[in-house]
Amino acid sequence: MESKKELEQITNCALCGNMCKDSCPVYLATGNETVTPQKKARLILYKKKAFIEDEKGFFDVMFQCAMCGACKINCLYDNFDLRDSIQRERSEAFRKGILPDETRKQVEIFAKFGNPDGERQLIQKGAGNLGYLVSCSTYNDQQLLKAVEKILTKSKEQVQEFGGADICCGAPLYYAGDLEGFKKAAKKMKREIEQRKLQKVITNCPACIKMMTEIYDEVGIHLDVEFIHTVEFLAALLKEGKIKVNKANATATFHDPCILANDIGITTAPRDIIKMLGFDIKEPVYSGKDTHCCGGVPAGKIADSKLVSSVNAMRTSELKETVADVYIAACPTCKVALSNIDIKDVAEVVAEQIING
Amino acid sequence: MSKRGEVPSKFIEKVKGAVGEENISQTECDLISYSLDYWLYGVFLSQYGKLPSLPSVVISPKNSQEIQSILKYANEYKVHITPFGAGSGVLGGAIPIKGDAVLNLQRMNKFISLDETSLVAEFEGGIIGANLERELNHRGYSMGSIPQSFHCSTLGGWIATRAVGQFSTKYGKIEDMVLGMEVVLPDGNLLNIKPVPRRSTGPSLKELFLGGEGTLGIVTKAVVSVHPLPERTIKQSFAFPSVEVALEVVRKILRGDAKPAVVRIFDEPETARYFGQIKNKVAIIFISEGETDFVELEGRLIKRIAEENGGETTGEKLVDIWLEKRFDIGLGPIIMQQGGIVDTIEVVSLFKDAANLYNDMASAMRAVEGAISVSGHYSHFYREGACLYITFAGFPKDTSRYYKDTWTAAMEATLKNNGSISHHHGIGFWRKDFMQEELGPHGVELLQKIKFALDPNGILNKGKLIDGK
């Protein structure tokens, strides 16, 4: 049992009227009451009180969460984040070896290669104390990586690019509940950053930023480095005139990645960029801090691939309804999840329209 | 933990064929999740693992055709079905009280269409209110139905209970908003009630399902009236010396044909709780919204009548405070964790009885041993009368006894003052015992006959509202 305060908080949530359920993308995509925040809280409370007999079924529900933070934003109670309780249950599932199959495979691959994907080349280019971390999701998207590299070259910024091999923030292990594995990955990331003497690190992946700015501290690993998302870097380059772009004469819809909007709090920078690129923005029904998670990829934040597909399909449909000329995201994982609408990363759109530095 | 209900295995097999294996569940987590709605005594007990009963199975259809098949099989195998909208009902209407099969309607949650010429929109019944309103707002419209359960109740649930939103004095209750609907009848047949403003084709069939609480059919789609988003909003508030004076002021304003969207009279305890700076007074808040010319005219009318009757102007701030707090039910769970019980009761009367009803009902509820707080507001107004909404909390020695006695005191005071025992929460199973006095023996018998005619096997939502005869 955790502290008295934590028990009070989860009980408040369990006895609430589910006042945030309208914001939960996993619920909206499935219509399943069991995955709503309040019902997850009731199940967690019952698990703590030893009322649950089907432990495997319970842990499966804990992995049916997008960990997007919509419930936190819409919570009646201050300083409560249901994700913390879900995360603790995922850790217990890991300790007991009761993981969903897809998540277990992901952990095994990570243990072997130090990343979620397998054998990878080390990326090490450039110099200076401004870093560009090639996230795992960006490593797998060479088109996006080339776009970022093109912008960096045109901007004439001195940047040290690194990633690949076994350099990973550890997010897949965190969401799988493998806290020891996560700490190990975090310590390695700290060494990689410190040995490069970086003061500021840019990355495309919101989850990397969340891990390194919030979760590392929670597990006792502090990085004395500033992390910024690519959209902040690109918005600054455009505003300062360090890069110039052709103007599009078209409409664009921006998908707010859940972690970027809900945890990092960035919703205006990508829109500023899109406007500077000459697009007329068409907002979907759910945008900004009301965005819906894309669902991610199987064995990511949500374990179950069928559930991932349902959430992917719902978000795709919401974006398609805007009938824009171009669909834009700011997260490489969202780009994979929403590939049915040929969505591009902001950096790719900037790279397409860039004129010179 | 409560015992699971049972259901014939042949029924399960047939339903699997209709909805697909992945949409029928008997897992422990699913049975726990669909075992209870927001009936607050049940919620209180749920923290100790005491659930009214676990359903036998949870079935989640994706469309009306699948529901038709399920109900046909339910009749064949005599399986009782409890429809489950979003589980926000506060009278136990969605509790599978005998371990019945739960019909989860939340997969049917889509916006279908908007007809801007006719000012109507169509939705599936399982859409949550806040999601429905977002779809409309995005297109420049509003349905104007914003209940406190806005974030956790469905359109189908609103229809099933004759729900009401906070902006009802202008936009009406749900029965004023629904033009047409699609209903799966208990025998599995499909009824389409076409959307027209009014018609003269015999008794209105839609009235059977408005307030039917899932006992007479399953509402799967509805066409509702919508309004353009307001061009102008005026917020006003006033303080008065008593509930009686405040009621008289609102009566005069409505008699003048004003239609403010929000009118709320808070008694002294609620005025103090919401607006700490106003002591020993009764506050009224008004929100007028719509076309600028109308709204400004209405704003002036309200101000004039309020001030002529001794109202002290307290500004926009009170309205903003209410807007900020209106969905916050966070105190209830905190009290329940400490062993207390909370709930709300909404009743309605004519203006002539309204003040006496408040005084009698609040006094009777305060007199129940264990009560620590009884407060109220009038929140939905008509030219003829108003809804009284009482919130109570107690820390009794015997929670069950206190809860039942408080409800009985409230219902008896309502009936004594010619009021109706429910304005918008419905009957469920908890308020059923008062239906004889509410409707009279012939009224109950008529409802029982209607139920039996539609659902001779008593398949749908047994034990709620009315059972067949």
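This part is about the overall build of chain B. Along the backbone of chain B there are 17 helices and 18 strands. What you see for chain B is a C-alpha radius of gyration of 22 Å, in line with the 23 Å of a compact globule of 469 residues. Projecting the C-alpha coordinates of chain B onto the three principal axes gives extents of approximately 70 × 60 × 40 Å. Across the 469 residues that make up chain B, the buried fraction comes to 55%. Put simply, 72% of the contacts in chain B that link residues at least 6 apart link residues at least 24 apart.

Right, let's talk about helix α13 (residues 230–239) of chain A for a bit. Residues and elements named next belong to chain A. In terms of burial, α13 is a largely internal element, 7 of the 10 residues being buried. By the burial criterion, the buried members of α13 are Thr230, Val231, Phe233, Leu234, Ala235, Leu237 and Leu238. Tucked into the core, α13 has its buried residues touching α9 (142–155), β4 (200–203), β5 (226–229), β6 (244–245), α15 (268–276) and α18 (346–353). Just beyond α13, the residue with positive phi is Gly241, at close to 75 degrees.

The subject of this paragraph is the domain arrangement of chain A. Residue and element names in this part refer to chain A. Domains assigned within chain A are domain 1 (4–98), domain 2 (122–232) and domain 3 (238–356). For domain 1 versus domain 2, the distance between C-alpha centres works out to 30 Å. Of the residues contributing to the side of domain 1 that touches domain 2, the split by class is 3 nonpolar, 1 polar and 1 charged.

Turning our attention to the sheet that holds strand β2 (residues 130–134) of chain A. All names here are of chain A. Across the sheet, 5 strands lie side by side as β1-β3-β2-β4-β5; this open sheet has mixed pairing. This sheet does not close on itself; its edge strands, each paired only once, are β1 (122–126) and β5. When the angles between neighbouring strand axes are averaged without regard to direction, this sheet yields 20 degrees. When β2 meets strand β3 (residues 160–164), the two strands line up parallel, connected through 4 bridges. Paired with Val134 across the two strands is Gly163, which belongs to β3. Each of β2, β4 and β5 is contacted by helix α12 (residues 206–218), which is oriented at about 160 degrees to β5, the strand it contacts most. Its contacts with the sheet put α13 on β4 and β5, and the angle it makes with β5 is roughly 75 degrees.

Residues and elements named next belong to chain B. Domain annotation of chain B identifies domain 1 (9–104), domain 2 (111–228), domain 3 (232–325) and domain 4 (331–430). Inter-centroid distance (C-alpha atoms) of domain 2 to domain 3 is 29 Å. The interface of domain 2 with domain 3 comprises 5 residues on the first partner and 5 residues on the second. Of the residues assigned to the side of domain 2 that touches domain 3, the class counts are 2 nonpolar, 2 polar and 1 charged.

Grouped together as the largest cluster of nonpolar side chains are 271 residues, with contacts concentrated most on Leu234 and Val350 of chain A together with Ile159, Ile284 and Leu388 of chain B. Among the elements that take part in this core, helix α15 (residues 351–366) of chain B stands out by supplying 8 residues, more than any other. Discounting chain neighbours no more than four positions away, the residues touching Ile284 of chain B are Ser237, Phe238, Phe240, Ala246, Val249, Val250, Val263, Arg264 and Ile265 of chain B.

The next subject is the environment of Gly394 of chain B. Residues and elements named next belong to chain B. Here Gly394 is to be found in strand β18 (residues 385–394). The spacing of Gly394 and Ala371 is 23 residues in sequence and 4.2 Å in space, taken between C-alpha atoms. For Gly394, the contacting residues outside a window of four places in its chain are Gly340, Ile341, Gly370, Ala371, Ile372, Tyr402 and Thr406.

Two faces make up the sheet, and in a regular strand the side chains alternate between them. Residue and element names in this part refer to chain A. One ladder, built from 4 bridges, connects β2 with β4; its direction is parallel. Its bridge partner lying in β4, Tyr132 is registered against Ile202. The pairing of β4 with β5 spans 4 bridges and is classified as parallel. Looking across to β5, one finds that Thr203 is bridged to His229.

As a measure of interface size, the accessible area lost when the parts come together is often cited. Taken residue by residue, the interface counts 38 residues in chain B and 31 residues in chain A. Contributions of two or more residues to the side of chain B that touches chain A are made by α2 (28–33), α3 (40–46), α5 (129–138) and α14 (331–337) of chain B. Partitioning the side of chain B that touches chain A into residue classes produces 14 nonpolar, 18 polar and 6 charged.

Residue and element names in this part refer to chain A. One can describe the packing of α13 onto α18 by two numbers: an axis separation of 10 Å at closest approach and a directional angle of 30 degrees. Taken together, α13 and α18 sit at an angle that is classed as roughly parallel. On α18, the residues touching Thr230, Val231 and Leu234 of α13 are Val346, Ala347 and Val350. Tallied by class, the residues present in the contact of α13 with α18 amount to 5 nonpolar, 1 polar and no charged.

Okay, the packing of α9 of chain A against α18 of chain A next. Packed helices, taken two at a time, are described by their axes: the angle between them and the distance between them. Residue and element names in this part refer to chain A. Contact pair α9 / α18: the axes reach a minimum separation of 8 Å and the direction vectors enclose 55 degrees. By the criterion of interaxial angle, the relationship of α9 to α18 is oblique. Crossing geometry of α9 relative to α18 is assigned as left-handed. Between α9, through Gln143, Leu144, Ala147, Val148, Lys150 and Ile151, and α18, the contact on the second element is made entirely by Ala347, Glu348, Val350 and Ala351. Considering only residue class, the contact of α9 with α18 consists of 7 nonpolar, 1 polar and 2 charged.

This part covers the environment of Asp117 of chain A. Mapped onto the secondary structure, Asp117 of chain A falls in the loop between α7 (101–113) and β1. In the structure, Asp117 of chain A is positioned 22 residues away from Tyr139 of chain A in sequence and 9.8 Å away in space, judged by C-alpha atoms.

All names here are of chain B. Read across the sheet, 4 strands follow the order β1-β2-β4-β3 without closing on themselves; strand pairing throughout is mixed. Each edge of the open sheet is held by one strand with a lone partner, namely β1 (24–25) and β3 (81–84). For β1 and strand β2 (residues 58–59), the ladder comprises 2 bridges, and the chain directions are antiparallel. Note that in β2 the partner of Ser25 across the bridge is Val58.

Our next topic: the confidence of the model for chain B. Interpretation of this model should avoid reading the predicted coordinates in detail wherever pLDDT is low. Scored by pLDDT, chain B has a mean of 97; 100% of the residues are at 70 or more. Reported confidence for the predicted complex is 0.97 by ipTM and 0.97 by pTM.

Rules behind the numbers
Residues numbered from 1 in each chain as written. Chains lettered and ligands numbered in written order. Predicted model: local features only at pLDDT ≥ 70, side-chain atom pairs only at ≥ 80, totals over all residues. Helix = DSSP H or I, 4+ residues; strand = E, 2+ residues; numbered from the N terminus. Rg over C-alpha atoms; globule rule 2.2 N^0.38 Å. Buried ≥ 20, exposed ≤ 12 C-beta atoms within 10 Å, placed from the backbone. Contact = placed C-beta atoms within 7 Å. Domains from an automatic or database assignment. Nonpolar A, V, L, I, M, F, W, Y, C, P; charged D, E, K, R; others polar. Pairing = 2+ DSSP bridges. Axes fitted to C-alpha atoms, helices over the stretch in contact; angles between N-to-C directions. Core = buried A, V, L, I, M, F, W, Y, C linked by C-beta atoms within 7 Å. Parallel < 35°, antiparallel > 145°, perpendicular 65-115°, else oblique. Left-handed = near helix turned anticlockwise from the far one by under 90°. pLDDT = per-residue confidence, 0-100.

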